Amino acid sequence: PLLLQVCFIGRSNVGKSSLIRALFSLSPEVEVRVSKTPGHTKKMNFFKVGKYFTLVDMPGYGYRAPQDFVEMVEAYLQERHTLKRTFLLVDGVVGLQKTDHIAVEMLEEFGIPYVMVLTKIDRASRGLLLKNVLEIQEFVKEKTQGCFPQLFLVSSLEFSGVHLLRCFVAHVTGNLPTLEAS
């Protein structure tokens, strides 16, 4: 049987590799290298998470994106029937950028269910973080159909929000046992 897949996509330097490493710090089989250079991931990386699911790390878009980025990503998104959810990572310090809007349009166009994850929340002041959260929530409500209404706020450095996101990934891949009401 084909393993279900989840895919992580976002701008160069949004912290994709760091988040994937934080999420799967308890899974030794998921070995993610993190580079100091933004845009280091040049091709799609597939990580098998045990016998449960496959995680796909996309190259970053925008600054330093690989030249064949659009073709590669569009082909993947259109042809992957095992793709359960795409996680769109947005920098918590700068909020939604023009390139993020393009990514959203692509996901909406292909009808792919996705979730927005706000990264680097430890680097944003509380006022700035709140402003970005409210703007993104408004955007999701008004301008999207396929976006999960819950925004996930994470810091790979401080591990805040990582556990909840890990539970959500387990949930969408069918690996979270549901608790029976007693």
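The structure we're discussing is the one just above.
In every chain, residue numbers begin from 1 and rise along the written sequence. Since the coordinates come from a predicted model, pLDDT governs what is reported: local features require at least 70, and pairs of side-chain atoms require 80 or more to be given and counted, while whole-chain, interface and lining totals use all residues. Side-chain measures here rest on the full set of heavy atoms in the structure, leaving out hydrogens and waters.

A. Up close: the overall build of the chain. Only DSSP runs of H or I with at least four residues qualify as helices, and only runs of E with at least two residues qualify as strands; both kinds are numbered from the N terminus onward. In terms of helices and strands, the chain carries five helices and six strands. Starting at the N terminus and walking to the C terminus, you meet the elements of the chain as β-α-β-β-α-β-α-β-α-β-α. Here the chain, with 182 residues, has 47% of them falling under the buried criterion. In what follows, residue pairs with any heavy atoms lying within 4.5 Å of each other are defined as contacts. If you take every contact in the chain between residues at least 6 apart in sequence, the share linking residues at least 24 apart comes to 70%. Of the accessible surface of the chain, which amounts to about 10200 Å², a share of 54% is contributed by carbon and sulfur atoms. The cut-offs for exposure are 20% and 50% of the maximum accessible area for each residue type, with area from a 1.4 Å probe on protein chains only; residues under the lower value are buried, those over the upper are exposed, and the others partly exposed. Shrake-Rupley sampling with a 1.4 Å probe provides the accessible areas, and residues are treated as covered by the protein chains on show and by no other component.

B. Molecular detail of empty space enclosed by the protein. Points on a 1 Å grid over protein atoms alone make up a cavity when a 1.4 Å probe fits among them but cannot get out, and a pocket when they form an open set with protein on both sides within 12 Å along at least five of seven lines; lining residues each have an atom within 4 Å of a point. Grid points are joined across faces, edges and corners, and a volume is the space filled by probe spheres set on the points. In this structure the tally under the stated criterion is one cavity of 30 Å³ or more. When its volume is computed, the largest cavity comes out at roughly 30 Å³. For the largest cavity, the full set of lining residues is Met116, Ile136, Gln137, Val140, Cys147, Phe148, Pro149, Gln150 and Leu151. For the lining of the largest cavity, the element with the highest residue contribution is helix H4 (residues 126-143), accounting for three residues.

C. Main features of the sheet that holds strand S2 (residues 45-49). In space, the six strands of this open sheet follow the order S2-S3-S1-S4-S5-S6, with mixed pairing throughout. The open sheet has two free edges, formed respectively by S2 and strand S6 (152-153), since each of these has just one partner strand. Bridge count between strand S1 (residues 4-10) and strand S4 (residues 83-91): six bridges; the pairing is parallel. Note on S4: the bridge partner recorded for Ile9 is Leu88. As a rule, the C-alpha atoms of each element are fitted with a line to give its axis, helices using only the stretch in contact, and angles between N-to-C directions run from 0 to 180 degrees. H4 rests against S4, strand S5 (114-119) and S6 of the sheet, and its axis sits at about 170 degrees to S5. Packed on one face of the sheet, helix H5 (residues 162-172) meets S1, strand S3 (53-57), S4, S5 and S6 and runs near 155 degrees to S4. Two strands are said to pair when DSSP picks up at least two bridges between them.

D. Geometry of the nonpolar core. Within the largest apolar cluster, 32 residues are counted, with the highest numbers of intra-cluster contacts made by Leu88 and Met116. Of all elements in the fold, only S1, helix H2 (69-79), S4, helix H3 (98-109), S5 and H4 reach the threshold of two or more residues within this core. What Met116 contacts, discounting residues up to four positions off in sequence, is Leu88, Val90, Leu96, Val104, Ile136, Phe139, Val140, Cys147, Gln150, Leu151 and Phe152. Judged by nonpolar contacts, the second largest core, of 23 residues, contains Phe24, Phe53, Phe152 and Val162. Remark: nonpolar core denotes a set of buried residues (Ala, Val, Leu, Ile, Met, Phe, Trp, Tyr, Cys) joined through side-chain atoms within 4.5 Å.

The quantities given are spatial measurements derived from coordinates; they are silent on function.
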